[in-house]
Amino acid sequence: MNAIEAEMEPAVEVRGLKKSYGTFQALKDVSFTVHKGEVYGLIGPNGAGKTTTLRVLATLLRISAGSVQIFGLDADKKPEEVRKVISYLPEEAGAYKNLTGRQYLEFIARFFTHGDAEHAMVARGLEIVALEDRMDDKVETYSKGMMRRLLVGRALMTGPRLAILDELTSGLDVINAQQIRRIVKTEAKAGTTFLVSSHNMLEVELLCDRLSLIHDGVIVETGTPAELKEKHHANNIEEVFMAVAA
Amino acid sequence: MTALTNIIRKELRELLTPSTVVPIIAMALLFGGLGSMMGNVAVQIQAKPTVGIVAMDTGILANVSLGVVDETATVAYNGTSVDAALQAVEGKSGIAVLYIPANFTASILGDHRGSLEIYWIMRGAGLLDSISSGTVDALLARIGQEISAYLIGTGVNLSPETVLSPITPINTTSYRGMVMEGVSPAILGTVLSNQSLIVPLIIMMIVIMAGSLVISSMGMEKENKTLETLLTLPVRRSSIVAGKLIASAIVGLLMASIYMIGFGYYMGGLSGSAPINLAAYGLVITPLDYVLLGISVFAALFAALALCMVLGTFAKNYKAAQTLTMPITLLAMVPMFMTMFWDYNTLPPLGQAIVFAIPFSHPMMAMRSLMFKDYLFVLAGIGYSLAFAVIMILVAVWIFRTDRLLTGRLTKGGTGEKRRKGLFPLVNLLRR
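Given the structure is predicted, the values throughout are model-derived calculations rather than measurements.

Some points on the overall build of chain B
Here comes step 1: Along the backbone of chain B there are 18 helices and 6 strands.
Here comes step 2: Out of the 432 residues belonging to chain B, those deemed buried represent 46%.
Here comes step 3: For chain B, long-range pairs separated by at least 24 residues make up 78% of all intrachain contacts whose partners lie at least 6 apart in sequence.
Here comes step 4: As displayed, chain B has an accessible area near 20600 Å², and 66% of this comes from carbon and sulfur atoms.

Okay, structure coming up:
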């Protein structure tokens, strides 16, 4: 693969992805492509298959059928290689309660690098979290908003090529949600590819370059927010979704 | 339905889960099994002991003694050769050979206590193994009483000491191929039990403490929602498993050491000087034996933690993790009590199979085996424990590489396309 081909290669390529739990099919047919440097949204109602899709991409779940390529790496065959280039933030994530915020970032950084590079990574995490006066307090004393900021900092400080963020601002107030969206936009400009999921369709419209609507384990529509609104004569993505789901 | 019954139904549904019910059933089965084995002990106490008689004396007091033996014991041999008597008694799972020397009657009537030599065949050194020798001890006491009664009845002029205590037993015990003069099974059993009591207690404590740490660690990862993040970091699944095992082993050993220092002082305060010196009979623990004991403890701990890691994958949260420590506690208690009450050799075949299958049993039994230089049994135990540990670690790593940790079920390969790709799914998963 030459430099031009490598540049053209998509960040994520999902083809015919299926995932079953026994007889229950959580994902029936999921295909989409995420380009490098894009903020890509996966939206749908609860139980549509968003989290399952993200967990498969994060190498947490095994594939029943289909394929998932992340920067040319097969997620099912080379999960350990994939884990080196991704960062995953689950919807309901936590941190080790006996550690301080700083110690938690240091713990994570040591999986990726050592020495000066480790210090630089932690410093970057502290900058993203922006809770200077609380970083030496134990995580168990953090509010929900502070915890989410810490986890976003953890997810982005490692400089992942692909950040997979599930329900990015779940449970946060407007101020915290906006701050975190701003962090994502800044990092995207710096070159990180984002795959975010949300059932908050207005948030996705604000944040994403392109998005896919997922419903009952199937991708039902894909495009830019503007394209989708125009196609379905809708004022916002929520109306697009209602039109498509109907 | 009233609000009260509604709440009761909800509480029962939450409390009566397989993880709470199964350990209780296991406990009931354990006590049932122990009860049936205790029942056998009661039968043993009531049964007549099988003994051999070598009577070199034909005097009246020898005849009194033989009368008591005929009445209260089953005689497997009655002749003049101690060796033949031992062989016959051994063949009939008997307990002892009584040797009445030629001067027995003359000695007592001469106002000296008569020596009665007892050649014991000891099969086990557990607390309940001494029951069988206890029945012969009772027989000897009865012989003494009958002789006293005869002496009082005939009015012979002897000192009260001789009349009230006319016989002196001279014990010789054979156990695990060793012949020890001047030692009765009761004393030997007590000394050996004291010597090997501390190791089973240490093992049980380490297993329970370190095991519950591993299981709780998995439960906490799930409860605190840190597991998903951990599993997406660039670290091998085997490293996660190994890290948790090693950390728990260190903390478990530390905690057990602190407990055992205190317990050591407690035991030291209770036990006085031993009635016999085992070293005089060659029963010593050499430095090499201690190394083997250490390896045996390490292998058992390794096996326990690996088993706990597998159990830990079933823990949905900290509360569930606490419940899951119950099977480990039971597994640690079974060999401790069984090896305390019985010698491995005196257990029925099913009991032997159970004790051998539980890897924590081996260091509990190693001390006694090493004392009697039964290296094959110790090495077999170490080998088994290590093999058990390796298999459990492979299972734990395999579970870590499936969806089970997050979804609570194993991936079955779904739509078949992936399922057909590998004939050996476990091998494929371990390669991930």
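A short note on the overall build of chain A
Here comes step 1: Counting its secondary structure elements, chain A contains 10 helices and 10 strands.
Here comes step 2: Against the globule reference of 18 Å for 246 residues, chain A gives a C-alpha radius of gyration of 18 Å, in line with a compact fold.
Here comes step 3: Overall size of chain A, expressed as C-alpha extent along the three principal axes, is 50 × 40 × 40 Å.
Here comes step 4: By residue count, 56% of the 246 residues in chain A fall in the buried class.
Here comes step 5: Once local pairs closer than 6 in sequence are excluded, the contacts in chain A between residues at least 24 apart make up 66%.
Here comes step 6: Just so you have it, chain A exposes about 10600 Å², and 50% of that area is on carbon and sulfur atoms.
Here comes step 7: Here chain A holds 30 positive side-chain charges and 34 negative ones, and the gap between their average locations is 3 Å.

Describing the pairing of strand β2 (residues 24-34) of chain A
Residue and element names in this part refer to chain A.
Here comes step 1: Relative to β2, strand β1 (residues 12-21) is paired through 7 bridges, and the arrangement is antiparallel. Counterpart to V14 in the pairing with β2 is F32.
Here comes step 2: Between the antiparallel neighbours β1 and β2 lie 2 residues, among them G22 with a positive phi of about 65°.

Structural notes on the interface of chain B and chain A
Here comes step 1: On the chain A side, the residues contacting the 28 residues of chain B number 36 residues.
Here comes step 2: When chain B packs against chain A, close to 3000 Å² is buried across both sides, 55% of that on carbon and sulfur atoms.
Here comes step 3: At the boundary of chain B and chain A, one finds 4 salt bridges.
Here comes step 4: A salt bridge links A:E80 to B:R236; the nearest nitrogen and oxygen atoms lie 3.3 Å apart.
Here comes step 5: Elements with a contribution of two residues or more to the side of chain B that touches chain A: α10 (227-231) and α17 (404-407) of chain B.
Here comes step 6: The element that contributes the greatest number of residues to the side of chain B that touches chain A is α10(B), accounting for 4 residues.
Here comes step 7: Each residue belonging to the side of chain B that touches chain A can be placed in one class, and the counts come to 7 nonpolar, 10 polar and 11 charged.

Notes on unusual backbone geometry
Residue and element names in this part refer to chain A.
Here comes step 1: One non-glycine residue, T59, adopts positive backbone phi at about 65°.
Here comes step 2: Tracing the chain through its elements places T59 in the loop between α2 (50-57) and β4 (65-70).
Here comes step 3: Taking relative accessible area as the criterion, T59 reaches 1% and is therefore assigned buried.
Here comes step 4: In this model, E167 sits at a positive phi of 45°, which is unusual for a non-glycine residue.
Here comes step 5: With respect to the secondary-structure elements, E167 resides in the loop between β7 (162-166) and α7 (174-189).
Here comes step 6: Using a relative accessible area of 6% as the deciding quantity, one classes E167 as buried.

Focus on the packing of helix α6 (residues 144-157) of chain A against α7(A)
All names here are of chain A.
Here comes step 1: Remark: α6 packs on α7, axes separated minimally by 10 Å, with the N-to-C direction vectors making an angle of 10°. For the element pair α6 / α7, the angle class is roughly parallel. Contact with α6, carried on its side by G145, R148, R149, V152 and L156, involves N176, Q179, I180, I183 and E187 of α7 and no other residues of that element.
Here comes step 2: Residues that form the contact of α6 with α7 fall into these classes: 4 nonpolar, 3 polar and 3 charged.

A few points about the packing of helix α13 (residues 318-341) of chain B against helix α15 (residues 361-371) of chain B
For any two helices packed against each other, one specifies the crossing angle of their axes together with the interaxial distance.
All names here are of chain B.
Here comes step 1: At their nearest, the axes of α13 and α15 sit 9 Å apart, and the two run at 20° to each other. It follows that α13 is roughly parallel to α15 by the angle criterion. Along this stretch, α13 crosses α15, giving a crossing that reads as right-handed. Residues A332, P335, M336 and T339 of α13 lie in contact with α15, whose contacting residues are S361, M364 and M365.
Here comes step 2: A per-class count over the contact of α13 with α15 returns 5 nonpolar, 2 polar and no charged.

As for the sheet that holds strand β1 (residues 50-55) of chain B
Residue and element names in this part refer to chain B.
Here comes step 1: The strand order β2-β1-β3-β4-β5-β6 describes an open sheet built from 6 strands, whose pairing is mixed. For this open sheet the edge positions go to β2 (74-79) and β6 (178-181), each flanked by a neighbour on one side alone. Across the sheet, the axes of successive neighbouring strands diverge by a mean angle of 20°, strand direction being ignored.
Here comes step 2: Note that strand β4 (residues 114-122) and strand β5 (residues 167-175) share 9 bridges and pair parallel.

Some thoughts on the environment of B:H112
Here comes step 1: Here B:H112 lies in the loop between α5 (104-109) and β4.
Here comes step 2: Placed 217 residues apart in sequence, B:H112 and B:T329 show a C-alpha to C-alpha distance of 56 Å.

Things to note about empty space enclosed by the protein
Here comes step 1: Scanning the entire structure with this criterion turns up 5 cavities of 30 Å³ or more.
Here comes step 2: In this structure, the second largest cavity occupies an estimated 60 Å³ of space.
Here comes step 3: Around the second largest cavity, the lining is made up of 13 residues, and of these A:T59, A:L60, B:R237, B:F400 and B:T402 lie nearest the centre.
Here comes step 4: Tallied by class, residues from the lining of the second largest cavity come to 6 nonpolar, 2 polar and 5 charged.

Re the domain arrangement of chain B
Residue and element names in this part refer to chain B.
Here comes step 1: Segmenting chain B into domains produces domain 1 (45-183) and domain 2 (187-401).
Here comes step 2: Each partner contributes to the interface: domain 1 provides 16 residues, whereas domain 2 provides 17 residues.
Here comes step 3: Of the roughly 1500 Å² buried where domain 1 meets domain 2, counting both sides, 66% is carbon and sulfur surface.
Here comes step 4: Between domain 1 and domain 2 we count 1 salt bridge in total.
Here comes step 5: Across the pair R176 and D343 runs a salt bridge, and its minimum N-O distance is 3.3 Å.
Here comes step 6: Applying the counting rule to domain 1 against domain 2 returns 2 residue pairs in polar contact (both at pLDDT 80 or more).
Here comes step 7: For the side of domain 1 that touches domain 2, the secondary-structure elements that each account for two or more residues are β5 and β6.
Here comes step 8: With 3 residues, the top contributor of residues to the side of domain 1 that touches domain 2 is β6.
Here comes step 9: Across the side of domain 1 that touches domain 2, the residue classes tally to 8 nonpolar, 4 polar and 4 charged.

Observations concerning the pairing of strand β10 (residues 218-223) of chain A
Residues and elements named next belong to chain A.
Here comes step 1: The pairing of strand β9 (residues 210-215) with β10 spans 5 bridges and is classified as antiparallel. Looking at β10, one finds that L211 is bridged to G223.
Here comes step 2: In this structure, the hairpin formed by β9 and β10 is closed by a connection of 2 residues, where D216 is found at a positive phi of approximately 55°.

Quick notes on the packing of aromatic side chains
Here comes step 1: Per the counting criterion, the structure on display carries 10 aromatic pairs over all chains.
Here comes step 2: Ring geometry for A:Y96 and A:Y104: centres 6.3 Å apart, planes at 55°, overall tilted.
Here comes step 3: An angle of 50° between the planes, with centres 5.4 Å apart, marks the rings of B:F356 and B:Y384 as tilted. Placement of the pair is B:F356 in helix α14 (residues 349-357) and B:Y384 in helix α16 (residues 375-400), with a sequence separation of 28 residues.
Here comes step 4: Taking the relative accessible area as the measure of exposure, B:Y384 reaches 26% and is therefore partly exposed.

Cut-off values and rules
- Residues numbered from 1 in each chain as written.
- Chains lettered and ligands numbered in written order.
- Predicted model: local features only at pLDDT ≥ 70, side-chain atom pairs only at ≥ 80, totals over all residues.
- Heavy atoms only, no water.
- Helix = DSSP H or I, 4+ residues; strand = E, 2+ residues; numbered from the N terminus.
- Buried < 20%, exposed > 50% of the residue type's maximum accessible area, 1.4 Å probe, protein only.
- Contact = heavy atoms within 4.5 Å.
- Areas by Shrake-Rupley, 256 points an atom, 1.4 Å probe, with all protein chains shown as cover.
- Rg over C-alpha atoms; globule rule 2.2 N^0.38 Å.
- Lys, Arg positive; Asp, Glu negative; His and termini not counted.
- Charge placed at Lys NZ, Arg CZ, Asp CG, Glu CD.
- Pairing = 2+ DSSP bridges.
- Buried area = accessible area lost by both parts, 1.4 Å probe.
- Salt bridge = Lys/Arg side-chain N within 4 Å of Asp/Glu carboxyl O.
- Nonpolar A, V, L, I, M, F, W, Y, C, P; charged D, E, K, R; others polar.
- Axes fitted to C-alpha atoms, helices over the stretch in contact; angles between N-to-C directions.
- Parallel < 35°, antiparallel > 145°, perpendicular 65-115°, else oblique.
- Left-handed = near helix turned anticlockwise from the far one by under 90°.
- 1 Å grid on protein atoms, 1.4 Å probe; cavity = no way out; pocket = protein on both sides within 12 Å on 5 of 7 lines; lining within 4 Å.
- Points joined across faces, edges and corners; volume = space filled by probe spheres on them.
- Domains from an automatic or database assignment.
- Polar contact = N/O pair within 3.5 Å; in protein donor to acceptor, adjacent residues only side chain to side chain.
- Phe/Tyr/Trp six-rings, centres within 6.5 Å; stacked < 30°, edge-to-face > 60°.

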